[in-house]
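Analysis of the macromolecular model
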Amino acid sequence: MTKIPIFERFMEQMKNIFKYTVAGHTFAVSLPDGFSSDEYMEPYAPFVETGDIAPLFELELRIVPSLREKVCGKVRECLNDEAPYFWIFEDGDGKFSFGFSYTKAHPDCILHTSDDFSSNVVYVGERNAGRFVEFALSNALMLLYTFRTSPFQTLMVHASVIAHDGGGYMFLGRSGTGKSTHSRLWLSHIEDTYLLNDDNPVIRIINGNAYVYGTPWSGKTPCYRNESMPLKSVVRLSQAPYNKIARLAPLQSFASLMPACSCMRWDSRSVSDLHKTVENVIGVVPCWHLECLPDREAAVLCNSTVKP
């Protein structure tokens with residue numbers, strides 16, 4: 001008997017199927033009847049895929065009476081210093097499931113995945129569905145995207161990116177360092193600039209070159225550009241009572257970019273893919289360290305130094 005491909009079965013069973021392509025990688029989302037993509041998937045609208053492209057992974061949203069029965073195993077970790085909190089559950093057979101929440105009291109949604117993360121379901125309790133659906137979809141999709149694209153020299157980076165003169169300039173650093181502030185300074189004081197993404201841009205290596213992409217995931221800043229451009233520079237920021245910039249050596253560049261990249265750090269294959277891609281990026285993109293004040297001079301100094 002001929003087996004029906006997973007996505008064809010998925011399409012047969014579900015009605016409200018939507019496909020999106022981000023940085024060249026396509027995925028599918030299934031919503032229950034009565035749930036509109038216009039309401040819950042608005043940031044993804046610029047990324048709608050209309051072609052006949054098989055998705056790299058699928059995510060189905062299910063609304064359930066209670067999340068308790070969807071928690072599999074015991075809590076292995078609850079990660080992040082601030083919301084969204086990321087829960088990892090593990091049963092006795094080494095099977096993982098995941099959760100996301102606004103507080104550390106309990107998960108607000110639960111994600112079940114197939115072994116290879118190609119077919120997945122995110123569960124939201126019906127009592128608070130209106131509040132948590134968009135939150136659940138966004139966090140689940142970022143996790144799945146990160147895992148499924150890692151073999152394809154793709155990185156999702158916690159950073160802010162300015163588009164300037166045909167290229168992308170990426171600013172990264174610890175939370176609260178001032179990535180968004182520095183981007184705004186470029187927008188205010190550097191001509192020919194606009195914001196590509198303010199929280200989770202994607203880097204890809206294609207034919208030995210590095211490109212940066214806008215995504216549907218831009219944090220608190222609504223910036224959802226379906227655009228790509230060569231990545232010209234990566235700048236790590238740190239606060240200081242002065243403005244000073246220096247080019248980083250390869251080892252320093254690796255240490256700067258690595259922590260900013262999303263990764264399934266418990267999965268050895270994903271970590272290996274991450275290391276290789278970061279090495280490829282820093283091999284072709286100059287990395288810098290900017291110690292700075294939140295002022296015009298910092299933006300001008302950075303621009304004049306890192307622009308090729």
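A few points on the structure. One numbering rule holds for all chains: residues counted from 1, following each sequence as written. Since the coordinates come from a predicted model, pLDDT governs what is reported: local features require at least 70, and pairs of side-chain atoms require 80 or more to be given and counted, while whole-chain, interface and lining totals use all residues. Just so you know, side-chain values use all the structure's heavy atoms and leave hydrogens and water out.

1. A look at the packing of helix α4 (residues 179-189) against helix α7 (residues 296-306)
- Where α4 contacts α7, the two axes come as close as 9 Å, and the packing angle between them is 85 degrees. Put simply, α4 runs roughly perpendicular to α7. For the pair α4 and α7, the contacting residues are H182, L185, W186 and H189 in the first and R296, A298, A299, C302, N303 and V306 in the second.
- Each residue is assigned to one of three groups, with Ala, Val, Leu, Ile, Met, Phe, Trp, Tyr, Cys and Pro labelled nonpolar, Asp, Glu, Lys and Arg labelled charged, and all others, Gly among them, labelled polar. Per-class residue counts for the contact of α4 with α7 are 6 nonpolar, 3 polar and 1 charged. Axis lines are fitted through C-alpha atoms, for helices just across the contact stretch, and the angle between N-to-C directions can take any value from 0 to 180 degrees. Where helices and strands are cited, they refer to DSSP runs of H or I of at least four residues and of E of at least two residues respectively, numbered from the N terminus. Put simply, angles under 35 degrees are roughly parallel, angles over 145 are roughly antiparallel, angles from 65 to 115 are roughly perpendicular, and the rest are oblique. The contact definition used throughout considers only heavy atoms, calling two residues in contact when any of these lie within 4.5 Å.

2. Describing a negative patch on the surface
- Residues D38, E39, E42 and E134 make up a contiguous surface patch of negative charge.
- Topologically, E39 is positioned in helix α2 (residues 37-40). A residue counts toward a patch only above 30% relative accessible area and without a salt bridge, and it is joined to like-charged neighbours within 9 Å or, for Val, Leu, Ile, Met, Phe, Trp and Tyr, to nonpolar neighbours within 5 Å. Using a 1.4 Å probe, accessible areas were evaluated by the Shrake-Rupley method; residue-level cover was limited to the displayed protein chains. By definition here, a salt bridge exists when the distance from a side-chain nitrogen of Lys or Arg to a carboxyl oxygen of Asp or Glu is within 4 Å. None of His or the chain ends enter the tally, which takes Lys and Arg as positive and Asp and Glu as negative. One atom stands in for each charge, and that atom is NZ of Lys, CZ of Arg, CG of Asp or CD of Glu.

3. Describing the layout of surface pockets
- Using a grid of 1 Å spacing that covers the protein atoms alone, one calls a set of points a cavity when a 1.4 Å probe fits there but cannot get out, and a pocket when the set is open and has protein on both sides within 12 Å along at least five of seven lines; lining residues are those with an atom within 4 Å of a point. Grid points are joined across faces, edges and corners, and a volume is the space filled by probe spheres set on the points. In this structure, the second largest pocket encloses a volume near 280 Å³.
- What lines the second largest pocket is a set of 13 residues, and nearest its centre among them are L67, H106, P107, G125 and N128.
- When the residues that make up the lining of the second largest pocket are grouped by side-chain class, the tally is 5 nonpolar, 4 polar and 4 charged.

4. Some points on empty space enclosed by the protein
- Enumeration according to the criterion identifies 1 cavity of 30 Å³ or more in this entry.
- Quantified by volume, the largest cavity comes out at close to 90 Å³.
- If you trace the largest cavity, you find 13 residues lining it, with T146, S150, T154, L155 and S262 closest to the centre.
- Elements with a contribution of two residues or more to the lining of the largest cavity: α3 (129-149), β9 (154-156) and α6 (268-284).

5. A closer look at the state of the cysteines
- Only a pair of cysteine sulfur atoms within 2.5 Å counts as a disulfide in this structure description. As enumerated under the stated definition, the model contains 0 disulfides in all.
- Cysteine C261 shares no disulfide, and the gap to the nearest cysteine sulfur, in C263, comes to 8.5 Å.

6. Topic: the nonpolar core
- Nonpolar cores were defined as sets of buried Ala, Val, Leu, Ile, Met, Phe, Trp, Tyr and Cys residues, with membership established by side-chain atoms within 4.5 Å. Burial here depends on accessible area, computed with a 1.4 Å probe over protein chains only, as a share of the maximum for the residue type. Under 20% is buried, over 50% is exposed, and the range in between is partly exposed. In terms of nonpolar packing, the biggest core is built from 43 residues, with F27, L111, V122, L137, L141, Y145 and W217 touching the most fellow members.
- Secondary-structure elements contributing two or more residues to this core are β1 (16-22), β2 (25-31), β3 (57-64), β5 (85-90), β6 (96-101), β7 (109-113), β8 (119-125) and α3.
- Top contributing element to this core by residue count: α3, with 13 residues.
- With residues up to four places along the chain from it excluded, the contact list for W217 reads V22, F27, Y44, S138, L141, M142, Y145, M156, N197, D199 and N200.
- In terms of nonpolar packing, the next biggest core, distinct from the first, is built from 27 residues, V161, V234, L274 and C287 among them.

7. Description of the pattern of salt bridges
- Going through the model one piece at a time under the given rule, you end up with 7 salt bridges.
- The salt bridge partner of E90 is R76, with a shortest N-O separation of 3.6 Å. With E90 in strand β5 and R76 in strand β4 (residues 74-79), this pair connects stretches of sequence that are 14 residues apart.
- Notably, a salt bridge pairs D273 with R269, separated by 2.8 Å at the nearest N-O pair. Taken together, the residues span about one helical turn, with D273 and R269 both in helix α6 at a distance of 4 residues.
- Taking relative accessible area as the criterion, R269 reaches 36% and is therefore assigned partly exposed.

8. Considering unusual backbone geometry
- With a phi close to 55 degrees, A23 is a non-glycine residue in the positive phi region.
- Following the sequence through the fold, A23 ends up in the loop between β1 and β2.
- Although it is not a glycine, D165 sits at a positive phi angle of roughly 55 degrees.
- In this structure, D165 sits in the loop between β10 (160-164) and β11 (167-172).

9. Structural notes on the side chain of S37
- Within the secondary structure, S37 sits in helix α2.
- Residue S37 is classed as buried on the basis of its relative accessible area of 16%.
- Residues in contact with S37, not counting those within four places in the same chain, are F18, Y20, L31 and E42.

10. Some thoughts on the sheet that holds β2
- With mixed pairing, 8 strands are arranged side by side in an open sheet as β1-β2-β3-β8-β7-β6-β5-β4. Lying at the two open borders of the sheet, with one neighbouring strand each, are β1 and β4. Within the sheet, the average angular offset between the axes of one strand and its neighbour, ignoring direction, is 25 degrees.
- In the sheet, β2 pairs with β3 via 4 bridges, with the strands oriented parallel. Across the sheet, the residue bridging to S30 is E60, located in β3. By this definition, two strands are paired if DSSP reports at least two bridges between them.

11. A word on the pairing of β10
- Extensive coverage of β10 is indicated by the burial of 5 of its 5 residues.
- Here β10 shows two buried faces, one formed by S160, I162 and H164 and the other by V161 and A163.
- Pairing analysis gives 5 bridges linking β10 to β11, with the strands arranged antiparallel. Paired with H164 across the bridge in β11 is G167.
- Hairpin connection from β10 to β11: 2 residues lie between these consecutive antiparallel strands, with D165 at a positive phi of about 55 degrees.
- Pairing of β10 with strand β12 (residues 193-197) involves 4 bridges; the strand directions are antiparallel. Across the sheet, V161 pairs through a bridge with N197, a residue of β12.

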